[in-house]
Number of protein chains: 2
Amino acid sequence: MLWAMNPLTRRMRYPVRDSIRCFFGIMASFKGQAEYSVDSKGRIAIPARMRNALRPEANNSFTITRGFEQCILLFPMDEWERREAEIARLNTYRSEARSFVRTIMRWADETKMDGQGRIVVPKNLIEFAGLDSAVLIIGVLDRIEIWNPKTFAAQAEQEADYPAVAERIFEMGRDL
Amino acid sequence: MLWAMNPLTRRMRYPVRDSIRCFFGIMASFKGQAEYSVDSKGRIAIPARMRNALRPEANNSFTITRGFEQCILLFPMDEWERREAEIARLNTYRSEARSFVRTIMRWADETKMDGQGRIVVPKNLIEFAGLDSAVLIIGVLDRIEIWNPKTFAAQAEQEADYPAVAERIFEMGRDL
DNA sequence: GGAATGTTCCCCACTTTTCCCCACTCGCTT
DNA sequence: AAGCGAGTGGGGAAAAGTGGGGAACATTCC
């Protein structure tokens, strides 16, 4: 296994295996979940396991934004830049595209981890996701999701048909 | 990461990563929202996050104009010059193009930030956008939008189908 | 022409927020 | 048991947002 230096801790803790190849090159690959707390200053610690999956190019920074569901998304800086370039190609003389870009960018903000590996979550996003003292942090491939545990549980009965959904998504016959 | 000097604060606060490549080269990348106040002199502060995203070429200046919606647009000077060049290429023997160019240029004005990072908004634009004491400032990629919060809220029910619009726009299936 | 009035622009000052750093606790490993 | 990594809490310096004074310039009125 290869290791690279994590600039936050200045240690060789970045495992290259924890990344996957994609169209653009290499992207991070977050996985797992953890229940952490939000402190009085609105800070949330990023689980060490996910910090270690960050590529050095991300510079310990994330773009934080809202999800389509009632949760917060964290994209590593390098990954977000690719998405933004895609958004910038939309034709903003079309009213629908204009409104879409406005909504995406309006919720987005840049945030950098402090020396303890924490990020500050903007107040409007805390409100949007309905966060209180405890949060559920989930690693989902190229992004990290932050949920209020209650909100997640409430919408997680959808996962009851998890196998059925999988069948629909992969119905073109291509197995992963 | 590269840093350049922000001439406003005379500090190395301008992150070069905070710009994205586009057809023309590099453009600024504004994001986030903030609710600020308009003071008695008609001045509005530009959020520090967005000031730091300005390229030195913009020279702390904006071209201010009206949007397609009922809001005010701020383009960094360097970005505006590219747009103006684009507009100048339109065929002004077409009456529709003539009218479009006239309307755009009629509302446009130049404004430069003061030492505190504030701009003065022309009275006709304040009237057009219906601004009073509080404004909503939104970073939208290559431009900054200034809204009356009430006006924005009134037209923001479009955001209800934000996920649906996203599915339509990115119908190739790639989730954002 | 000159004084009065108003506007623009630059600077200084105050308050609040943000960000960086230090410190503590708790498991787990050595 | 000691040491280290990980999660949590908080203090203080610096930056950001806000308000306002006053000089320089323009405009209007007598």
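Residues numbered from 1 in each chain as written. Chains lettered and ligands numbered in written order. Predicted model: local features only at pLDDT ≥ 70, side-chain atom pairs only at ≥ 80, totals over all residues. Heavy atoms only, no water.

Draft legend 1. Main features of the packing of aromatic side chains. All names here are of chain A. Under the criterion given, the structure shown has seven aromatic pairs over all chains. Summarising the aromatic geometry, the rings of W107 and F128 are spaced 5.2 Å apart at their centres and angled 50° between planes, so their arrangement reads as tilted. In this pair, W107 sits in helix α3 (residues 95-107) while F128 sits in helix α4 (residues 123-129), placing the two residues 21 residues apart along the sequence. Residue classification places W107 among the buried residues on the basis of a relative accessible area of 11%. (Phe/Tyr/Trp six-rings, centres within 6.5 Å; stacked < 30°, edge-to-face > 60°. Helix = DSSP H or I, 4+ residues; strand = E, 2+ residues; numbered from the N terminus. Buried < 20%, exposed > 50% of the residue type's maximum accessible area, 1.4 Å probe, protein only.)

Draft legend 2. Focus on the interface of chain B and chain A. Tallying the contact residues gives 36 residues for chain B and 36 residues for chain A. Taken over both partners, the interface formed by chain B and chain A buries close to 3600 Å², and the fraction arising from carbon and sulfur atoms is 55%. Run the count over chain B and chain A and you get six salt bridges. Salt-bridge contacts for A:D109 lead to B:R49; the nearest nitrogen and oxygen are separated by 3.0 Å. Counting across the interface, chain B meets chain A through ten residue pairs in polar contact (both at pLDDT 80 or more). Looking at the side of chain B that touches chain A, the elements that each hand over two or more residues are β11 (134-140), β12 (143-147), α5 (149-155) and α6 (162-169) of chain B. (Contact = heavy atoms within 4.5 Å. Buried area = accessible area lost by both parts, 1.4 Å probe. Salt bridge = Lys/Arg side-chain N within 4 Å of Asp/Glu carboxyl O. Polar contact = N/O pair within 3.5 Å; in protein donor to acceptor, adjacent residues only side chain to side chain.)

Draft legend 3. Spotlight on the relation of the copies chain B and chain A. Superposition record for chain B on chain A: RMSD 0.6 Å, screw rotation 25°, translation along axis 9.3 Å. Both copies present different contact surfaces, since only 11% of the interface residues of chain B are interface residues in chain A too. (Least-squares fit on C-alpha atoms with pLDDT ≥ 70 in both.)

Draft legend 4. Quick peek at the packing of α3(A) against α6(B). For the pair α3(A) and α6(B), interaxial distance at closest approach is 10 Å and the crossing angle is 120°. Of the possible angle classes, the one that applies to α3(A) and α6(B) is oblique. Crossing of α3(A) against α6(B): the hand is left-handed. Facing α3(A), whose interface residues are A:E96, A:A97, A:F100, A:T103 and A:I104, α6(B) presents B:Y162, B:V165, B:A166, B:R168 and B:I169. For the contact of α3(A) with α6(B), a count of residues per class yields seven nonpolar, one polar and two charged. (Axes fitted to C-alpha atoms, helices over the stretch in contact; angles between N-to-C directions. Parallel < 35°, antiparallel > 145°, perpendicular 65-115°, else oblique. Left-handed = near helix turned anticlockwise from the far one by under 90°. Nonpolar A, V, L, I, M, F, W, Y, C, P; charged D, E, K, R; others polar.)

Draft legend 5. Region of interest: helix α3 (residues 95-107) of chain B. Residue and element names in this part refer to chain B. Between the first and last C-alpha of α3 there are 19 Å, a value that for 13 residues agrees with the 18 Å anticipated at 1.5 Å per step. Residues A97, V101, I104 and W107 constitute the buried set of α3. Looking down the long axis of α3, one finds its buried residues gathered within 150° of arc, a one-sided arrangement. Exposed residues lying more than 90 degrees from the buried face of α3 are R102 and R106. (Expected span 1.5 Å × (residues − 1). Arc of directions from axis to C-beta.)

Draft legend 6. Representation of the protein's contact with DNA strand C in the model. In the vicinity of DNA strand C, the residues found are A:K41, A:R43, A:Q116, A:R118, A:K123, B:K41, B:R43, B:R49, B:Q116 and B:R118. B:K41 is positioned with one of its side-chain polar atoms (N or O) 3.4 Å from a base nitrogen of DNA strand C. At a separation of 3.0 Å, a phosphate oxygen of DNA strand C approaches a polar side-chain atom of B:R49. Grouping the constituent residues of the surface near DNA strand C by class yields no nonpolar, two polar and eight charged. (Near = heavy atom within 4 Å.)

Draft legend 7. How the structure looks around the environment of A:N124. Along the chain, A:N124 turns up in helix α4. Relative accessible area serves as the criterion here: at 24%, A:N124 is assigned to the partly exposed category. Sequence-wise, A:N124 and A:R66 are 58 residues apart; in three dimensions their C-alpha atoms are separated by 9.7 Å. Leave out the neighbours within four places in its chain, and A:N124 touches A:W107 and B:Q33.

Draft legend 8. Summary view of the pattern of salt bridges. Residue and element names in this part refer to chain A. Applying the stated criterion across every chain yields a total of 28 salt bridges over all chains. Between D142 and R83 there is a salt bridge whose closest N-O contact spans 2.7 Å. Of this pair, D142 sits in the loop between β11 (134-140) and β12 (143-147) while R83 sits in helix α2 (residues 77-88); the two residues are 59 residues apart in sequence, bridging distant segments of the chain. Residue classification places R83 among the buried residues on the basis of a relative accessible area of 1%.

Draft legend 9. Structural context of the confidence of the model for chain A. Of all residues in chain A, 79% attain a pLDDT of 70 or more, and the chain-wide mean is 82. Below pLDDT 50 for its whole length, residues 1-17 of chain A participates in 38 contacts with residues either more than four positions away or in separate chains. (pLDDT = per-residue confidence, 0-100.)

Draft legend 10. Spatial organisation of the pairing of β12(B). All names here are of chain B. In terms of residue burial, β12 counts as a mostly covered element, since five of its five residues are buried. Covered by surrounding structure in β12 are R143, E145 and W147 together with I144 and I146, the residues of both alternating faces. Between β11 and β12, which pair antiparallel one after the other, the connecting turn spans two residues, and L141 there sits at a positive phi close to 60°. (Pairing = 2+ DSSP bridges.)

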